[in-house]
Amino acid sequence: MRFDWLLRQSDQIAQLFLWHLWLSVLPVLIGLALALPAGGLIQRLPRLKAVLLNLFGLLYTIPSLALFILLPGILGTRILDTVNVMVALVIYAFALLVRTVCDGLDSVSPDTRQAAIALGYKPFHQFLTIDLPVAIPVIAAGFRVAVVSNVSIVSIAALVGTPQLGSLFTQGFQLQFLTPIIAGVVLCVLLALLLDSLVVYGTHKLVVWQPARRKS
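What comes next is a walk through the structure.

About the criteria used
Residues numbered from 1 in each chain as written. Predicted model: local features only at pLDDT ≥ 70, side-chain atom pairs only at ≥ 80, totals over all residues. Heavy atoms only, no water. Salt bridge = Lys/Arg side-chain N within 4 Å of Asp/Glu carboxyl O. Helix = DSSP H or I, 4+ residues; strand = E, 2+ residues; numbered from the N terminus. Buried < 20%, exposed > 50% of the residue type's maximum accessible area, 1.4 Å probe, protein only. Patch = residues over 30% accessible without salt bridge, like charges linked within 9 Å, V, L, I, M, F, W, Y side chains within 5 Å. Areas by Shrake-Rupley, 256 points an atom, 1.4 Å probe, with all protein chains shown as cover. 1 Å grid on protein atoms, 1.4 Å probe; cavity = no way out; pocket = protein on both sides within 12 Å on 5 of 7 lines; lining within 4 Å. Points joined across faces, edges and corners; volume = space filled by probe spheres on them. Phe/Tyr/Trp six-rings, centres within 6.5 Å; stacked < 30°, edge-to-face > 60°. Nonpolar A, V, L, I, M, F, W, Y, C, P; charged D, E, K, R; others polar. Contact = heavy atoms within 4.5 Å. Axes fitted to C-alpha atoms, helices over the stretch in contact; angles between N-to-C directions. Left-handed = near helix turned anticlockwise from the far one by under 90°.

Digging into the pattern of salt bridges
A complete count under the given rule lists six salt bridges for this structure. Ionic pairing is found between D106 and K49, a salt bridge with its closest N-O pair at 2.2 Å. In this pair, D106 is assigned in helix α5 (residues 82-106) and K49 in helix α3 (residues 46-59), connecting sequence segments 57 residues apart. Using a relative accessible area of 38% as the deciding quantity, one classes D106 as partly exposed.

Structure below.
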């Protein structure tokens, strides 16, 4: 491990870390914003629910490198444009989170929904103020998986020229030099742990009104 090399490259590594952070967080937030209304709609279509969720699930099985290469032809962009990576990561996040949103909404008690209807809640108002708050713990669990998975997927984008921590892997491989590879792995793990901790903290703040579950 060459710590002198890390010190000389600290500015570049910091920039790569910030790019990795940006690419890890923004697509998942966009994916969640898309998955919430889509999941709410699908949850109200029980006959089509399984088919639609399976179709969306297939999106997650597309190899990431293949998707990074295919999207420029679909979007009309250059292969090195960051937007290709961003769109691909949004697709993955959406495919993972739409099922999570449906599972979260399924966890809402029918009695809770009936009480909301009896109180005069309209469907959209009920979705925002009753269903989503109750479903937060389930949705947050899936969101944690999406965030951590995205940290790993982002690193593959180095193969199409997008700067982030994965660039340290390709640099180390090309130079037959382990230091950047180890640094990239450590920073990816630390970033995943940091983001996971932030999601857990945010979830705790959002569900503080719910009674604590008893441990069996």
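Read on for the rest.
Describing a nonpolar patch on the surface
The grouping of M1, F3, L178, I182, V185, V186, V189, L190 and L193 at the surface amounts to a nonpolar patch, some 860 Å² of accessible area in total. Examined against the element boundaries, F3 turns out to sit in helix α1 (residues 3-8).

Side note on the layout of surface pockets
Of the voids in this model, the largest pocket is the one considered here, and its volume is about 250 Å³. Taken together, L32, L36, L132, P133, I136, I139, A140, F143, V199, G202, T203 and L206 make up the full set of residues lining the largest pocket. Taken together, the elements giving at least two residues each to the lining of the largest pocket come down to α2 (10-43), α7 (123-156) and α9 (178-206). The dominant element in the lining of the largest pocket, judged by the number of residues it contributes, is α7, at six residues.

So, the packing of aromatic side chains
In this structure the tally under the stated criterion is two aromatic pairs. Their ring planes at 80° and their centres at 5.6 Å tell us that Y60 and Y92 sit as a pair that is edge-to-face. Of this pair, Y60 sits in the loop between α3 and α4 (64-75) while Y92 sits in helix α5, and the two are 32 residues apart along the sequence. With a relative accessible area of 3%, Y92 lands in the buried category.

Overview of empty space enclosed by the protein
Gaps left between atoms show up when a probe the size of a water molecule is rolled over them. Evaluation of the coordinates by the stated rule reveals one cavity of 30 Å³ or more. Put simply, the largest cavity is a space of about 50 Å³. Lining of the largest cavity is provided by Y60, L89, Y92, A93, L96, A146, S149, N150 and I153. Looking at the lining of the largest cavity, the elements with two or more residues in it are α5 and α7. Classifying every residue of the lining of the largest cavity gives seven nonpolar, two polar and no charged.

Some words on unusual backbone geometry
Phi is positive for Q176, close to 55°, though the residue is something other than glycine. Considering the arrangement of structural elements, one finds Q176 in the loop between α8 (166-175) and α9.

Considerations on the environment of I136
When you line up the elements, I136 lands in helix α7. Separated by 29 residues in the primary sequence, I136 and S107 place their C-alpha atoms 9.9 Å from one another. Among all residues touching I136, those that are not within four sequence positions of it are T203, L206 and V207.

Details of the packing of α2 against α7
Close contact between α2 and α7 brings their axes to 9 Å; oriented N to C, the two are set at 145°. Where α2 crosses over α7, the two elements pack in a sense that is right-handed. Contacts from H20, L23, S24, P27, V28, L29, L32, L36 and G40 in α2 reach F127, L132, I139, F143, A146, V147, N150, V151, V154 and S155 in α7. Among the residues making up the contact of α2 with α7, the classes are represented as 14 nonpolar, five polar and no charged.

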